[in-house]
Amino acid sequence: MNINSPRIPRLTPQFKRCIVALVAVLPLVTPAARSLAYQDTSAVKPVTSDTPEAHLGKGYDALKQDRYDAAASEFRAALEIDPKLTLRARFPLAVALFELHKSDEARHELEVVRREGGGHPKILYYLGRLDLDERNFKGAIRNLTQAAAKPPFPDTAYYLGYAYFKQGDLTSAEKWLKVAAEANPRDARMQYQLGSVYRKQGREQEAQKAVAMSEELRQRDTNESRIKLECAQKLDQGPREEALAVCEQLYDPDNAEKLTALGTTYGQHGELERALKSLSRAAELAPQSPQMQYNLAYAHYQLNQLEEARAPLANAIQRWPDLFPLNALYGAVLLKLGQDRPAYDALRHARQLNPQDPATADLLHTVTSTLASKSQAARQYSDSLRYFEEAATLRPQDPEPHRRMAEIYIALGRPVQAKAEQTKADGLSKAPGKVQ
């Protein structure tokens, strides 16, 4: 396996809200949680798809792809195995149900999370959104007001203002919609809804001005979409200088999403230094976003700036231990840095989250074999056997782990086991398609 260019999973230009919803709700990794993530090698077992970690990994991936039915099934499966996964599984289950418009089920799960985990603003946000859908404006105002004390999403104030508008409290609606417009100066919805409030208040001139601003913002979005397309096309086909002149129109030092989209486009076309500039600024603007930290780390990794890649990933893993892309990239970075045992821990957890990913299996096999050889050289035969056994499960057709285990059993004076392993190695060596 060539560890200089592993196939690291890439994130989309922006995480879906349902993934972002996990940010800050999930706790830092506690000692108990860490024991789930990083298993002791004294009890190494083959990684299977029927573990809480595997179901969590599949669930988060399904959320990112808008496959909400699949996500709900995976989170339910995780909860069946471990009902204590309140924040790691039940909350994202509630988010998936919300996206599926299964309001009663979503509310039930959110109320369980609130009882067991407290009234986090993101839980209150979703409860308020459910209240709005059910036209329970009083309940929406109550929940969203509490959420707005520490807004979990930029549009929290918008939905609170909308709830007041629907209840007929125009003064409060205007107040919160103005807060929303300040927080989202590029969002056309805010100005349009303000226009509706002004019109209800008989302030026609202000209403027309707000609606005109809304239309201007919509047109700006349309123009930016056109420039994004032109940027990618020119990077593919046109002169580099001309392409960069178009693309740099998208650079906005105060907009993390635009910076991420630009940085991703640059990265996909080999402009790594320019990608790093955009992604670094995006990570500064959104330090609580796993997507931003991943993209920054991936840009550093592509430039072989390994320590710079490690730092944001180490912090991100503490917050979001169950996001497969973070763990996979972290393990790859640590492996290139020569930190074999931490790399093993990260890659093994990544494989627990996504047992089907072949690139992770390859990297895990590389580091497991390295640790096995080091332990054998140090005559730590018990550890070496455990590592070689795991390497054999990762590549069942590879005779090498069995040869090495035979050597260890000979050194331990256990000829029966040595003969059994040598027989396996010889059989695999003669099999069609054997691993060289």
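Okay, so let's go over this structure. For every chain, the first residue of the written sequence is number 1, and numbering continues from 1 along that sequence. Local features in a predicted model are, by the rule used here, given only for residues with pLDDT of at least 70; side-chain atom pairs are given and counted only at 80 or more, and totals for whole chains, interfaces and linings are based on all residues. Side-chain calculation: all heavy atoms of the structure are included, whereas hydrogens and water are not.

Right, let's get into the overall build of the protein chain. For the purposes of this entry, the term helix denotes a DSSP run of H or I that reaches at least four residues, the term strand denotes a run of E that reaches at least two, and both are numbered from the N terminus. Summing up its helical and strand segments, the protein chain has 23 helices and 0 strands in all. With 436 residues in all, the protein chain has 52% of them scored as buried. Residue contacts are counted whenever heavy atoms from the two residues lie within 4.5 Å of one another. Intrachain contacts of the protein chain at a sequence separation of at least 6 include 58% that bridge at least 24 residues. Accessibility throughout is a Shrake-Rupley quantity obtained with a 1.4 Å probe, and a residue counts as covered only by protein chains that appear here. Accessible surface computed for the protein chain: about 20300 Å², of which carbon and sulfur atoms make up 50%. Exposure categories follow from relative accessible area, calculated using a 1.4 Å probe and restricted to protein chains: below 20% of the type maximum is buried, above 50% is exposed, and the middle band is partly exposed.

Let us now look at unusual backbone geometry. For Asp 66, which is not glycine, the phi torsion reads 65° and is therefore positive. Locating Asp 66 in the fold gives a position in the loop between α3 (52-64) and α4 (68-81). Even without being glycine, Arg 135 reaches a positive phi, approximately 60°. Relative to the elements of secondary structure, Arg 135 occurs in the loop between α7 (121-133) and α8 (137-148).

Let us now look at the pattern of salt bridges. For this document, the term salt bridge refers to a Lys or Arg side-chain nitrogen within 4 Å of an Asp or Glu carboxyl oxygen. The full count for this structure, using the stated rule, is 34 salt bridges. The partner of Arg 203 in a salt bridge is Glu 174, and the shortest N-O contact between them spans 3.0 Å. Taken as a pair, Arg 203 in the loop between α11 (188-200) and α12 (204-237) and Glu 174 in helix α10 (residues 170-183) lie far apart in primary sequence, 29 residues in all. Residue Arg 203 is classed as partly exposed on the basis of its relative accessible area, which comes to 25%. Residue Glu 174 is classed as buried on the basis of its relative accessible area, which comes to 11%. Where Glu 407 meets Arg 404, a salt bridge forms, and the shortest distance between an N and an O atom there is 3.7 Å. Here Glu 407 pairs with Arg 404, and both are found in helix α22 (residues 400-411), just 3 residues apart, close to one helical turn. Within the structure, one salt-bridge network assembled from shared partners comprises Glu 174, Lys 178, Arg 203 and Glu 206.

Before going further, it helps to spend a moment on the environment of Glu 224. Considering the arrangement of structural elements, one finds Glu 224 in helix α12. The buried category is assigned to Glu 224, whose relative accessible area is 16%. Along the chain, Glu 224 and Lys 258 lie 34 residues apart, while their C-alpha atoms are 9.4 Å from each other.

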